[in-house]
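The primary structure of each chain is shown beneath.
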Amino acid sequence: NTSFSTSFHAESIRGFGMLIESLELPIELANSQGKIEIEGAVNKGTMSLKPTVDFSRDIPVVSIPANSTLLKGVGLTEDMSNDLLVHIHPIFKGAAVSRGTVDLAMQNFNWPLDEKARNDAAFSGTLTFNEVKLQAGGLLTPLLSVMKVEDREIILSEQPMEFVGENGRVTCSPLEMSVNEYTLKLSGSIGFDKSLDYIAQIPVTRKMVSGDVYKYLEGTFISVPIGGTVSKPTINKNLVQTAIKDLVIQAGTKQISDQAGKLLQKLFQ
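Residues numbered from 1 in each chain as written. Predicted model: local features only at pLDDT ≥ 70, side-chain atom pairs only at ≥ 80, totals over all residues. Heavy atoms only, no water.

*Asks:* I keep staring at the overall build of the protein chain and nothing clicks. Help me out?
*Replies:* Secondary structure assignment for the protein chain yields 4 helices and 17 strands. Taking 18 Å as the expected radius of gyration for a compact globule of 269 residues, we find that the protein chain reaches 24 Å, considerably beyond that expectation. Sorting the 269 residues of the protein chain into buried and exposed places 40% on the buried side. Once local pairs closer than 6 in sequence are excluded, the contacts in the protein chain between residues at least 24 apart make up 52%. Summed over all atoms, the accessible surface of the protein chain reaches about 14600 Å², with 50% contributed by carbon and sulfur. Averaging the coordinates of the 25 positive side-chain charges in the protein chain and doing the same for the 30 negative ones gives two points 10 Å apart. (Helix = DSSP H or I, 4+ residues; strand = E, 2+ residues; numbered from the N terminus. Rg over C-alpha atoms; globule rule 2.2 N^0.38 Å. Buried < 20%, exposed > 50% of the residue type's maximum accessible area, 1.4 Å probe, protein only. Contact = heavy atoms within 4.5 Å. Areas by Shrake-Rupley, 256 points an atom, 1.4 Å probe, with all protein chains shown as cover. Lys, Arg positive; Asp, Glu negative; His and termini not counted. Charge placed at Lys NZ, Arg CZ, Asp CG, Glu CD.)

*Asks:* Just to check I follow, could you spell out the packing of aromatic side chains for this structure?
*Replies:* Aromatic rings considered in pairs are described by the distance between their centres and by the relative angle of their planes. All chains considered together, the criterion is met by 7 aromatic pairs. Ring plane angle 45° and centroid distance 5.8 Å describe the contact between W111 and F192, whose orientation is recorded as tilted. Taken as a pair, W111 in strand β9 (residues 96-112) and F192 in the loop between β14 (182-191) and β15 (196-203) lie far apart in primary sequence, 81 residues in all. Residue classification places F192 among the partly exposed residues on the basis of a relative accessible area of 22%. Considering the side-chain rings of F123 and F192, the 6.3 Å spacing of their centres and the 10° angle between planes classify their relative orientation as stacked. (Phe/Tyr/Trp six-rings, centres within 6.5 Å; stacked < 30°, edge-to-face > 60°.)

*Asks:* Teacher, can you tell me more about the layout of surface pockets here?
*Replies:* Over the atoms rolls a probe the size of a water molecule, and its path tells where empty space is left. For the largest pocket, the calculated volume is near 970 Å³. In this structure, the largest pocket is lined by 31 residues; those nearest its centre are F16, L70, L84, L104 and F109. Mapped onto the lining of the largest pocket, the elements with two or more residues apiece are β1 (4-15), β2 (18-30), β5 (45-49), β8 (68-75), β9 and β10 (122-135). The element contributing the most residues to the lining of the largest pocket is β9, with 4 residues. Residue composition of the lining of the largest pocket, grouped by class: 25 nonpolar, 3 polar and 3 charged. (1 Å grid on protein atoms, 1.4 Å probe; cavity = no way out; pocket = protein on both sides within 12 Å on 5 of 7 lines; lining within 4 Å. Points joined across faces, edges and corners; volume = space filled by probe spheres on them. Nonpolar A, V, L, I, M, F, W, Y, C, P; charged D, E, K, R; others polar.)

Right, here's the structure in full:
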């Protein structure tokens, strides 16, 4: 039956790699509903967050209004990458940020405050990356090693990524990254416990096969399962080597076929 309304002023709040400046925080509690409004400048962008805490349930639940834009044009930082975005996608673990901004829109968000009920959390949203440039670390390091690419610069350009959280996991739509002249694709899910169930679509690069074979395999991708955890991802490199051998055999067959075709053309000229 408690009811009150007040407001706090904060010069700045730091958290998840974000610095929110000059805030007025209206807080209202009525009918077992606690409401807070957080709006301000964040990393040269803006934040608008209006969470509600429902105390009428056995376990209080935090929610936000449907179809809310939480972040707009917010500069991506290394701390933000490793403290916030890593809970949504594993590529941000250990990544160094060179540049770029992100937008975050949430279609829905319901989060139980009791950790024992955490798997009942449900949310969905869209992260949009604007000219983001990363120096690869963590999960991306062994993938680039398999591709035999020395360049560690990753670019996420004007790309939205949808994500859904339910049953203790966050599933993301396929994310494409530019690495040198190649495109690397990742899709799958990450658990609230940081377990990974991902598939990487890695391109066959020039250094993975000989030059003669590459012209037949250019544009070909190999599916690589990724397990383990965010901190210790597991990649089956033997599977990659076996897949490459199969592709080389296919390329050799195609090469013989092309040569036979050229020979027949000459015979009938």
